[in-house]
Amino acid sequence: MTRRLARLAFGAVAVGTAFLAAPANAAWEPTRPVEFIVPAGTGGGADQMARTIQGIVTKYNLMKQPLVVVNKSGGAGGEGFLDVKAAGNNPHKIIITLSNLFTTPLATGIPFNWKDLTPVAMLALDEFVLWVNADKPYQTSKDYVDAVKAAPPGSIKMGGTGSKQEDQIITVALEKAAGVKLTYIPYKGGGEVAVQLVGNHIDSTVNNPIEAVAQWRGGKLRPLCVFDDKPMDYAEPVADGKAWKDVPTCKSQGLDIEYVMLRGIFMGPKAKPDQIAYYVDLFRKVRDTPEWKEFMKSGAFNTSFMTGDEFAKWVSNEEKRHETLMKEAGFLAQGN
């Protein structure tokens, strides 16, 4: 009887200890593969960033479940945004955003607004650079503008990603600042835009650094100026002994235009605090890796990072700014 009571007592203690050892509120984590939506085509800046993140997460085993990149570029990215909007209460779907977070609903009138999603984190801000084919004689943005002015109106072609998106917004701003007329040709992604410029099918682009750096290194393209208020902060030579910091601002070259683009992460509506916290922590870990730091350097990114209310406030202000820019360009859909 004594031994039986002892066994019962030991069992009770063991069960109690096991119960106490289990956390009352275990931190949330994915229980199946996570879809990583890219609302843009393959090869562009958002796609390259998403696939870099996927590679880092896999290499360092930062998630127990796979992170699967899925491109949904239809309707200027509207396909991707509407997909995530419909993913309420589904924490296994996240989306990387660019400026089409604002421009697509404003230009198309689709039933979507950034408030339909849950902000997670700003990963970086992306620059825009005026690029030309290296075979062309233009060495400065003034050379380029002078050539556009000398050519018949509309004969110089500017390639960009999408219609009524950030690339075309900058193109219209350039036309107004320089008093010229360009023909804008839209493509599905920045990778395709760079290829078209290398092939001389277009005369210029305003691609992000990461979308054209390989062609700059290869001697095929030349950066003329960056659309920011200060030069890019990277001193390591990229091509011909020149670094990103050597690319002057367009403003200093007489083109009073500034534009940077969000690279951020959002979830679907009704995401819970512990689910958001999981992804914030995940992306903090990604940002701490040498691969991410090298990616930031190679793409000359502004490495700003925001989460929570600070990020949501920034996004809200950017929406207002884009509405103003698109109204000035005549790109707003009826009703907006």
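Worth saying up front: this structure is predicted, and the values here are computed from it rather than measured. (Residues numbered from 1 in each chain as written. Predicted model: local features only at pLDDT ≥ 70, side-chain atom pairs only at ≥ 80, totals over all residues. Heavy atoms only, no water.)

## Things to note about the overall build of the protein chain
Okay, step 1: The helix and strand tally for the protein chain stands at 11 helices and 13 strands.
Okay, step 2: Taking the principal axes of the C-alpha coordinates as reference, the protein chain spans close to 105 × 50 × 30 Å.
Okay, step 3: Expressed as a percentage of its 336 residues, the buried residues of the protein chain come to 51%.
Okay, step 4: Within the protein chain, contacts between residues at least 6 apart in sequence are counted, and of these 79% link residues at least 24 apart.
Okay, step 5: Accessible surface computed for the protein chain: about 15,300 Å², of which carbon and sulfur atoms make up 54%.
Okay, step 6: Where the 38 positive side-chain charges of the protein chain centre and where its 36 negative ones centre are 7 Å apart. (Helix = DSSP H or I, 4+ residues; strand = E, 2+ residues; numbered from the N terminus. Buried < 20%, exposed > 50% of the residue type's maximum accessible area, 1.4 Å probe, protein only. Contact = heavy atoms within 4.5 Å. Areas by Shrake-Rupley, 256 points an atom, 1.4 Å probe, with all protein chains shown as cover. Lys, Arg positive; Asp, Glu negative; His and termini not counted. Charge placed at Lys NZ, Arg CZ, Asp CG, Glu CD.)

## Overview of the sheet that holds strand S4 (residues 118-126)
Okay, step 1: Overall, mixed pairing links the six strands, which are arranged S2-S1-S3-S12-S4-S13 in an open sheet. Edge positions in the open sheet fall to strand S2 (67-71) and strand S13 (306-307), since each of these has one partner strand only.
Okay, step 2: Direction of pairing for strand S1 (residues 34-38) relative to strand S3 (residues 93-97): parallel, over a ladder of three bridges. Counted as the bridge partner of isoleucine 37 is isoleucine 95 from S3.
Okay, step 3: Contacts from helix H2 (residues 45-59) reach S1, S2, S3, S4 and strand S12 (261-267), with the element oriented near 165° to S2. (Pairing = 2+ DSSP bridges. Axes fitted to C-alpha atoms, helices over the stretch in contact; angles between N-to-C directions.)

## Observations regarding the domain arrangement of the protein chain
Okay, step 1: The domains assigned to the protein chain are domain 1 (34-126 + 261-329) and domain 2 (129-258).
Okay, step 2: The centre of domain 1, based on its C-alpha atoms, is set 25 Å off from the matching centre of domain 2.
Okay, step 3: On the domain 2 side, the residues contacting the 29 residues of domain 1 number 20 residues.
Okay, step 4: Surface buried jointly by domain 1 and domain 2 totals about 1,800 Å² across both partners, of which 55% is contributed by carbon and sulfur atoms.
Okay, step 5: Looking at the side of domain 1 facing domain 2, the largest losses of area belong to Lys297, Ser298 and Ala300, adding up to 25% of the total buried there. (Domains from an automatic or database assignment. Buried area = accessible area lost by both parts, 1.4 Å probe.)

## Some points on the packing of aromatic side chains
Okay, step 1: Applying the stated criterion across every chain, the model contains 12 aromatic pairs.
Okay, step 2: Each ring, one from tryptophan 28 and one from tyrosine 279, has its centre 5.9 Å from the other, and the planes form 50°; the classification is tilted. Taken as a pair, tryptophan 28 in the loop between helix H1 (2-21) and S1 and tyrosine 279 in helix H9 (residues 273-287) lie far apart in primary sequence, 251 residues in all.
Okay, step 3: Taken together, a centroid distance of 5.5 Å and an interplanar angle of 50° make the contact between phenylalanine 266 and phenylalanine 311 tilted. (Phe/Tyr/Trp six-rings, centres within 6.5 Å; stacked < 30°, edge-to-face > 60°.)

## Description of helix H10 (residues 290-298)
Okay, step 1: Turning to H10, its buried residues are Trp292, Phe295, Met296 and Ser298.
Okay, step 2: Considering only its buried residues, H10 is in contact with H2, S4, helix H8 (209-217) and H9.
Okay, step 3: Backbone geometry just downstream of H10 places alanine 300 in the positive-phi region, at approximately 55°.

## Side note on the pairing of strand S9 (residues 221-226)
Okay, step 1: Burial of S9 is extensive: six of the six residues sit out of reach of the surface.
Okay, step 2: Here five bridges tie strand S5 (residues 129-133) to S9, and the two strands are oriented antiparallel to one another. Note on S9: the bridge partner recorded for asparagine 133 is leucine 221.

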